[in-house]
Amino acid sequence: MKEEERTIFRRRNIGFIFQSFQLVSELTVEQNISFPLLLDYRKPKAADVEELLELLGLTDRRNHLPSQLSGGQQQRVAIGRALITRPKLILADEPTGNLDSRNSQDVMELLTKASRHYQQTIFMITHNNNLTSMVDRVFRVTDGVLTDLGGKSNEKLS
């Protein structure tokens, strides 16, 4: 694919969640969530945005700017932005890295719920071994060697 085609493919098929949120500071919660669709010249469906705001627990914060949100709320906005295009794959880089343990737990529960609801695969990088008990499958990379540590998906196959 040419560069522009790769960009469009990523925009339409892969959602990204960054450790540092990467929200647009001048946009509200609702606008930040809708932003990936607007970049793709598509109009967000009000029902889809409303469903995500409800799922994320952000309905009452929809008109707030990122600076008016807690770290956990900002990460939920970042998750909403990744979910709005309904990608089949979400890449999450340390999505709980900037959060306290309670917000980390909430974000993991939200990601698990969203993954099942929207039938998405979430590929998450983390250094927090406590989070691995909540996911279907765990891989570890050590010195460039990938090891399958198994998980819930392997248990279902047995």
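The following paragraphs examine the structure supplied in this document.

Basis of the calculations
Residues numbered from 1 in each chain as written. Predicted model: local features only at pLDDT ≥ 70, side-chain atom pairs only at ≥ 80, totals over all residues. Heavy atoms only, no water. Salt bridge = Lys/Arg side-chain N within 4 Å of Asp/Glu carboxyl O. Helix = DSSP H or I, 4+ residues; strand = E, 2+ residues; numbered from the N terminus. Buried < 20%, exposed > 50% of the residue type's maximum accessible area, 1.4 Å probe, protein only. Axes fitted to C-alpha atoms, helices over the stretch in contact; angles between N-to-C directions. Contact = heavy atoms within 4.5 Å. Nonpolar A, V, L, I, M, F, W, Y, C, P; charged D, E, K, R; others polar. Pairing = 2+ DSSP bridges. Right-handed = clockwise from strand over helix to strand, strands pointing away. Phe/Tyr/Trp six-rings, centres within 6.5 Å; stacked < 30°, edge-to-face > 60°.

**A few points about the pattern of salt bridges**
Once their charged atoms are close, side chains differing in charge can pair, the charge on each being opposite to the other.
Here is step 1: According to the stated counting rule, one finds twelve salt bridges in the structure shown.
Here is step 2: Two residues, Arg-12 and Asp-40, come together in a salt bridge whose shortest N-O distance is 2.8 Å. Linking Arg-12 in helix H1 (residues 3-13) with Asp-40 in the loop between helix H2 (29-39) and helix H3 (46-56), this pair joins segments that are 28 residues apart in sequence.
Here is step 3: For Arg-12, a relative accessible area of 43% corresponds to the partly exposed category.
Here is step 4: Of the residues examined, Asp-40 reaches a relative accessible area of 4% and is grouped as buried.
Here is step 5: For Arg-102, the salt bridge is made with Asp-106, and the minimal N-O distance between the two is 2.6 Å. In this pair, Arg-102 and Asp-106 both sit in helix H5 (residues 101-117), four residues apart, roughly one turn of the helix.

**A word on the packing of H3 against H5**
Here is step 1: Two elements in contact, H3 and H5, have axes separated by 11 Å at closest approach and are oriented at 145°. Contacts from Glu-51, Leu-55 and Leu-56 of H3 reach H5 at Leu-110, Lys-113, Ala-114 and His-117.
Here is step 2: Of the residues assigned to the contact of H3 with H5, the class counts are four nonpolar, one polar and two charged.

**What to know about the pairing of strand S3 (residues 121-125)**
Here is step 1: For strand S2 (residues 89-93) and S3, the ladder comprises five bridges, and the chain directions are parallel. Each residue of the ladder has a partner; that of Ile-90, found in S3, is Ile-122.
Here is step 2: Between the parallel pair S2 and S3, the chain is carried across by H5, and the sense of this crossover is right-handed.

**Things to note about the sheet that holds S2**
Whenever strands of a sheet pair, they do so through backbone hydrogen bonds, lying parallel or antiparallel.
Here is step 1: Read across the sheet, three strands follow the order S1-S2-S3 without closing on themselves; strand pairing throughout is parallel. Each end of this open sheet is capped by a strand with a single partner; those strands are strand S1 (14-17) and S3. Neighbour-to-neighbour, the strand axes of the sheet open up by a mean angle of 15°, direction not taken into account.
Here is step 2: Lying on the sheet, helix H4 (residues 71-83) is in contact with S1 and S2; it crosses S1 at an angle near 170°.

**Here we look at the packing of aromatic side chains**
Here is step 1: Taken as a whole and assessed by the stated rule, the structure comprises one aromatic pair.
Here is step 2: Where Phe-16 meets Phe-18, the ring centres are 6.2 Å apart and the plane angle is 10°; that geometry is what we call stacked.
Here is step 3: Phe-16 gets classed as partly exposed once you look at its relative accessible area, which sits at 30%.

Note that every value here comes from positions in space, so none of it alone points to a role or purpose.
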